[in-house]
Amino acid sequence: MTTDKHKFSCYLHPAGVTALEELYEALRLAAPLEVRGSVTRSTITEAAIGLALLDWQARGADSAIAKTMVTLPAENEAQL
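What you are looking at is a predicted structure, and each value in this text was computed from that prediction instead of being measured.

Draft legend 1. Focus on the pattern of salt bridges. Using the criterion set out here, one finds three salt bridges in the structure. Here E46 and K5 are joined by a salt bridge, their closest N and O atoms 3.5 Å apart. On the criterion of sequence distance, the pair formed by E46 in helix 2 (residues 41–59) and K5 in the segment before helix 1 (14–30) is long-range, its members being 41 residues apart. E46 gets classed as partly exposed once you look at its relative accessible area, which sits at 44%. The salt bridge partner of D55 is R59, with a shortest N-O separation of 3.3 Å.

Below you can see the structure in the form of structure tokens.
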């Protein structure tokens with residue numbers, strides 16, 4: 001099998017691993033049998049990154065990824 005993909009490793013919190021596995025199983029069950037093999041953890045990750053990037057490009061600081069990942073200093077200090 002020839003692919004133009006590159007291997008990339010990342011570390012996930014156990015809850016992230018569980019969420020990925022739940023999504024993987026749900027998407028495979030929802031997919032028609034003839035395309036079920038194309039649902040992989042890698043394609044899920046690629047799709048999630050693509051969706052996050054599109055949302056960032058469209059909404060910037062109001063995007064879901066920014067609201068999840070970026071905390072303003074004032075908010076950060078209030079949590080201490």
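Draft legend 2. Spatial organisation of the nonpolar core. Counting residues in each nonpolar core, the largest one holds five residues, listed as L20, Y24, A31, V39 and I44. Discounting residues that sit within four places of it in the chain, A31 has contacts with R36 and V39.

Draft legend 3. Molecular detail of the environment of I65. In this fold, I65 is placed in helix 3 (residues 64–69). Judged by relative accessible area, which is 37%, I65 ranks as partly exposed. For the pair I65 and A52, spaced 13 residues apart in sequence, the C-alpha to C-alpha distance is 6.1 Å. In this structure I65 touches A52, D55, W56 and V70, once residues within four positions along its chain are discounted.

Draft legend 4. Quick peek at a nonpolar patch on the surface. A cluster of nonpolar side chains, contributed by L53, W56, I65, M69 and V70, occupies part of the molecular surface with about 510 Å² of accessible area. Put simply, the parts of the chain that give the nonpolar patch at least two residues each are helix 2 and helix 3. Tracing the backbone through its elements, the reader meets V70 in the loop between helix 3 and helix 4 (73–79).

Cut-offs and rules
- Residues numbered from 1 in each chain as written.
- Predicted model: local features only at pLDDT ≥ 70, side-chain atom pairs only at ≥ 80, totals over all residues.
- Heavy atoms only, no water.
- Salt bridge = Lys/Arg side-chain N within 4 Å of Asp/Glu carboxyl O.
- Helix = DSSP H or I, 4+ residues; strand = E, 2+ residues; numbered from the N terminus.
- Buried < 20%, exposed > 50% of the residue type's maximum accessible area, 1.4 Å probe, protein only.
- Core = buried A, V, L, I, M, F, W, Y, C linked by side-chain atoms within 4.5 Å.
- Contact = heavy atoms within 4.5 Å.
- Patch = residues over 30% accessible without salt bridge, like charges linked within 9 Å, V, L, I, M, F, W, Y side chains within 5 Å.
- Areas by Shrake-Rupley, 256 points an atom, 1.4 Å probe, with all protein chains shown as cover.

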